[in-house]
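Here is what each chain is made of, one letter per residue.
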Amino acid sequence: MDLHISHKTSYAYDQPVSYALQRLHLRPQSNAMQTVLDWNITVDGGVVELTCNDHHGNIIDLVNTFRGASELVVTAEGTVRTNDCAGVFGKVYGSAPLWHFVQGTALTQPNKDIRALAKPLKGASDPLGALHAMSASILSAVPYATGQTYTETTAEQALAGGAGVCQDHAHIMISAARVAGMPARYVSGYLMLDDRIDQDASHAWAEVHLPSLGWVGFDVSNGISPDERYVRLAIGTEARDAAPIQGLRMGPGDESLIVTLQVQQ
Amino acid sequence: MTFRRFLPVLIAEPVESVNFSIMNTKPDHFDEMRVGDTEVRPPYASYKTWFDDQEPGRLARKSKEAEAFFRRTGITFNVYGQVAAEERLIPFDLVPRIIASREWTKLSKGIEQRVRAINAFLHDIYNRQEILRAGRIPIDLIAKNAAFLPQMMGFSPPGGVYTHIVGTDIVRTGEDDFFVLEDNARTPSGVSYMLENRETMLQMFPELFSRIKVQPVSDYPKNLRRSLAACAPKSCNGKPVIAVLTPGIFNSAYYEHSFLADQMGAELVEGHDLRVVDGHIAMRTTQGYKQIDVLYRRVDDEYLDPLTFNPNSMLGVPGIMDVYRAGNITIANAPGTGVADDKAIYSYMPDIVEFYTGEKAILKNVETFRCGEPDSLKYVLDNLADLVVKEVHGSGGYGMLVGPAASKKELSDFADKLSARPGNYIAQPTLSLSTVPIMVKKGLAPRHVDLRPYVLVSPDGINITPGGLTRVALTEGSLVVNSSQGGGTKDTWVLED
């Protein structure tokens with residue numbers, strides 16, 4: 001399936017910017033699941049200072065906002081051809097060893113409720129089935145709802161709050177899998193929802209490593225493993241490693257953010 | 001950039017009068033100057049002859065001159081936890097510590113071997129992790145280590161060098177017994193004292209240096225510059241621009257930062273002077289932004305890049321880790337080198353040296369009990385009064401227990417701390433450290449010393465300045481030499497052949 005993506009992020013500043021940097025994870029890479037046919041990043045109100053690999057093998061761009069700018073617009077767009085791999089990314093490894101994906105992170109520290117979720121995973125004869133079952137129980141405990149959580153909400157907080165978005169679902173899934181000793185990671189990307197072109201937001205899901213299959217994806221929010229409607233952007237141990245854009249701005253003033261995302265065939 | 005100096009508050013120990021009888025040393029310590037009560041060890045023979053010829057009172061006056069010299073140049077050191085003495089002079093003792101050329105050759109071979117192994121270890125840990133695959137050190141020691149920086153994975157720093165500057169702490173217990181106490185692979189401090197101590201001695205006793213041939217240390221800043229320049233990234237065209245990044249004037253080692261920048265002819269910068277410009281880190285100058293190729297940073301990893309690490313850091317340079325990974329700057333020392341000088345890793349150093357060099361370690365390790373292991377913890381708790389216990393990530397002598405010097409209450413309080421977080425501590429037997437005499441009111445008296453040689457690493461090779469910084473515990477019988485804990489320093493001589 002060829003997916004055409006246009007992802008525009010606009011920052012508006014109420015005071016001219018003196019110095020601001022944004023780190024982009026906005027370059028999909030070709031792999032068994034997807035082939036990037038064309039892809040471009042354009043920046044208005046700033047400049048791409050450099051492009052390099054991060055420690056997970058993602059490609060990052062570092063953007064410097066022009067001094068005095070009141071707006072920065074980052075547009076990532078292109079076409080990606082996808083295959084349905086039934087969510088199995090497989091035995092493909094970067095420079096980060098598997099043990100790195102078993103360690104806790106700030107947003108995925110387990111508590112007793114997450115440990116309880118992970119219980120059926122331990123010694124499960126069908127780990128894949130147990131993971132799908134866990135994914136379903138996470139969604140029933142934390143139904144999808146926007147506006148209830150923030151980018152810094154932890155897995156524990158989202159589970160306690162009983163509502164969350166894809167990032168929260170992925171964090172809970174990752175945290176619970178790690179409790180069971182399974183390497184787990186965060187994947188950011190895009191999903192084409194069948195009934196619409198304009199998507200609410202970019203997407204995220206979890207991948208868990210099984211010795212038999214390698215990395216397998218679980219989209220808790222939609223209760224499935226990723227198929228040909230999914231495009232991978234970046235991976236990491238949690239959202240902070242793989243967020244499409246993260247930034248830092250010096251000086252006073254406020255900013256507002258508008259994201260528009262279109263994914264279509 | 002201006003070169004700022006402090007007006008120090010002086011709390012040195014004045015030497016009032018001197019007589020020349022040497023006080024008896026305890027027989028269980030190796031005295032580097034004397035054998036028995038009368039015989040002088042060969043490296044000290046010429047010095048002792050000169051010393052015995054000195055007119056009584058001259059050395060006492062010289063000692064005061066040294067104080068004045070330091071007061072003028074302004075070597076100060078902030079002592080944390082002592083509000084009344086926030087900036088003080090590190091006491092300087094004018095009796096040199098003397099090492100024979102033959103002794104130094106052996107020592108420096110051992111240091112070089114260890115530093116090569118540390119760099120190979122760091123490259124391995126951040127890339128293929130062969131040593132973990134081989135099961136030679138436990139994965140959790142790295143995986144759960146706060147000094148391990150995932151952001152360094154899958155990356156080779158320019159020239160393959162991680163520890164551009166190392167300060168290996170070494171102690172001596174006998175004629176041929178040297179032990180490594182700590183591998184300081186982050187940002188070892190104190191080299192300015194090594195240089196100023198020699199400068200002071202040269203000014204006070206020029207005749208001594210014409211009589212005794214001592215290997216020079218004054219090349220250090222030039223060698224540091226050359227060594228850092230040789231590690232410049234490939235993107236550097238022409239002569240590398242080097243800068244020293246300091247946290248600022250409130251840092252305890254600010255004097256040293258400004259001193260080294262001045263001596264190397266490098267810029268002294270703070271985080272707010274730097275920006276990302278054209279994919280490089282550049283400093284603000286009167287002619288606009290100027291690209292920096294090598295940053296000798298004296299800011300800890302956690303504060304180095306608020307975009308990557310602690311977002312609240314005002315001391316660092318946002319985006320520098322991306323510039324680094326893009327190959328556009330050299331950071332010295334590389335981020336994440338702390339995983340090699342951690343006190344828990346230390347206990348594996350003999351294995352690490354053997355794994356990467358294929359040779360037995362030349363320098364010995366002090367026997368180390370990892371309190372995270374139940375058997376070791378039991379032993380340590382049972383023998384606390386005889387052991388030195390340190391925090392795995394501690395430095396500067398803070399938060400450590402010296403068992404033999406501790407009161408019953410201190411021992412029992414520490415045992416509670418230890419039992420609560422055993423993995424946070426290691427324990428070592430107290431070594432009977434060598435002594436070198438210092439000048440006290442009654443003459444010469446032995447005091448315990450350690451040694452921190454300064455090692456420079458570049459693709460061109462390893463350069464070790466002959467000698468280093470000798471730290472001396474000024475209190476009789478004390479084993480704690482850290483300047484933050486009331487230790488002093490001495491000039492360190494390595495004799496010419």
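Just so you know, these numbers come straight off a predicted model, no measurement behind them.

**Remarks on the pairing of strand 10 (residues 203-210) of chain A**
Residue and element names in this part refer to chain A.
So, point 1. Of all 8 residues making up strand 10, 6 are buried, and the element is well covered by its neighbours.
So, point 2. The sheet contact formed by strand 8 (residues 184-191) and strand 10 spans 6 bridges and is antiparallel. Bridge pairing in strand 10 places Ser-188 opposite Ala-204.
So, point 3. Two elements, strand 10 and strand 11 (residues 214-218), share 5 bridges in a ladder whose sense is antiparallel. Bridged to Ala-206 within strand 11 is Phe-218.
So, point 4. Linkage of strand 10 to strand 11, two consecutive antiparallel strands, is achieved through a turn of 3 residues.

**Examining the interface of chain A and chain B**
So, point 1. At the interface, 21 residues of chain A touch 23 residues of chain B.
So, point 2. If you list the elements that add at least two residues to the side of chain A that touches chain B, you get strand 2 (19-24), strand 4 (46-53) and strand 5 (59-65) of chain A.
So, point 3. Here the element with the most residues in the side of chain A that touches chain B is strand 4 of chain A; it accounts for 4 residues.
So, point 4. Split into classes, the residues belonging to the side of chain A that touches chain B amount to 10 nonpolar, 8 polar and 3 charged.

**A look at unusual backbone geometry**
Trans peptide bonds make up the majority, and among non-glycine residues the majority have a negative phi.
So, point 1. Of note, the bond from Ala-332 of chain B into Asn-333 of chain B is cis; its omega dihedral lies within 30 degrees of zero at -10 degrees.
So, point 2. Position of Asn-333 of chain B relative to the elements: it lies in the loop between strand 14 (330-332) and helix 12 (338-341).
So, point 3. For Ala-86 of chain A, which is not glycine, the phi torsion reads 55 degrees and is therefore positive.
So, point 4. Counting through the fold element by element, Ala-86 of chain A comes out in the loop between strand 6 (71-82) and strand 7 (88-90).
So, point 5. Judged by the 12 C-beta atoms lying within 10 Å of it, Ala-86 of chain A is exposed.
So, point 6. One non-glycine residue, Gln-129 of chain B, adopts positive backbone phi at about 60 degrees.
So, point 7. With respect to the element layout, Gln-129 of chain B can be found in the loop between helix 3 (101-125) and helix 4 (130-133).

**Focus: the pairing of strand 24 (residues 469-473) of chain B**
All names here are of chain B.
So, point 1. Within strand 24, 5 of the 5 residues are buried, leaving the element largely enclosed by the surrounding structure.
So, point 2. Of the two faces of strand 24, the one carrying Leu-469, Arg-471 and Ala-473 and the one carrying Thr-470 and Val-472 are both buried.
So, point 3. Inspection of the sheet shows strand 21 (residues 443-452) paired to strand 24 by 4 bridges, in the antiparallel sense. Considered in strand 24, the bridge of Arg-452 is made with Leu-469.
So, point 4. Two strands pair when backbone bridges link them, and strand 24 and strand 25 (residues 487-494) are joined in this way by 4 bridges, in the antiparallel orientation. Bridge pairing in strand 25 links Thr-470 to Lys-490.

**What about the sheet that holds strand 12 (residues 288-292) of chain B?**
Residues and elements named next belong to chain B.
So, point 1. The sheet built from 3 strands is open, its strands ordered 10-11-12 with antiparallel pairing. Two strands bound the open sheet, and with one partner strand each, they are strand 10 (274-277) and strand 12. Neighbouring strand axes in the sheet, compared pairwise and without regard to direction, differ in orientation by 45 degrees on average.
So, point 2. When strand 11 (residues 280-285) meets strand 12, the two strands line up antiparallel, connected through 5 bridges. Along strand 12, the bridge assignment pairs Ile-281 with Ile-292.

**A short note on helix 9 (residues 254-264) of chain B**
So, point 1. With 9 of its 11 residues buried, helix 9 of chain B lies for the most part within the structure.
So, point 2. Phi turns positive one or two residues past the end of helix 9 of chain B, at Gly-265 of chain B, with a value near 70 degrees.

**Section: the domain arrangement of chain A**
Residues and elements named next belong to chain A.
So, point 1. You can read the domains of chain A as domain 1 (2-82 + 244-264) and domain 2 (88-241).
So, point 2. Each of domain 1 and domain 2 has a C-alpha centre, and the two are 24 Å apart.
So, point 3. Contacts between the two partners involve 22 residues from domain 1, matched on the other side by 23 residues from domain 2.
So, point 4. Of all the secondary-structure elements, those providing two or more residues to the side of domain 1 that touches domain 2 are strand 1 (2-13), strand 6 and strand 14 (255-264).
So, point 5. Residues that form the side of domain 1 that touches domain 2 fall into these classes: 11 nonpolar, 11 polar and no charged.

**Side note on the domain arrangement of chain B**
All names here are of chain B.
So, point 1. Domain parsing of chain B yields domain 1 (34-99 + 171-211 + 432-494), domain 2 (106-166 + 222-357) and domain 3 (367-429).
So, point 2. Measuring from the centre of the C-alpha atoms in domain 1 to the corresponding centre in domain 2 gives 28 Å.
So, point 3. Taken together, the contacts link 27 residues of domain 1 with 33 residues of domain 2.
So, point 4. When contributions to the side of domain 1 that touches domain 2 are tallied by element, the ones reaching two or more residues are strand 3 (77-78), strand 7 (177-184), strand 22 (454-458) and strand 23 (461-464).

**Considerations on the environment of Gly-87 of chain A**
Residue and element names in this part refer to chain A.
So, point 1. Take Gly-87: it is sitting in the loop between strand 6 and strand 7.
So, point 2. On the neighbour-count criterion, Gly-87 (21 C-beta atoms within 10 Å) is buried.
So, point 3. Non-local contacts of Gly-87, meaning those with residues more than four positions away in its chain, are made with Val-216, Gly-217, Ser-225 and Pro-226.

**A word on the sheet that holds strand 14 of chain B**
Residues and elements named next belong to chain B.
So, point 1. Pairing in this open sheet of 4 strands is parallel, and the strands run 9-8-13-14 from one edge to the other. Only two strands of the sheet have a single neighbouring strand rather than two, namely strand 9 (267-269) and strand 14. Adjacent strand axes in the sheet meet at a mean angle of 25 degrees when their direction is disregarded.

The rules behind each value
- Residues numbered from 1 in each chain as written.
- Chains lettered and ligands numbered in written order.
- Predicted model: local features only at pLDDT ≥ 70, side-chain atom pairs only at ≥ 80, totals over all residues.
- Buried ≥ 20, exposed ≤ 12 C-beta atoms within 10 Å, placed from the backbone.
- Helix = DSSP H or I, 4+ residues; strand = E, 2+ residues; numbered from the N terminus.
- Pairing = 2+ DSSP bridges.
- Contact = placed C-beta atoms within 7 Å.
- Nonpolar A, V, L, I, M, F, W, Y, C, P; charged D, E, K, R; others polar.
- Axes fitted to C-alpha atoms, helices over the stretch in contact; angles between N-to-C directions.
- Domains from an automatic or database assignment.

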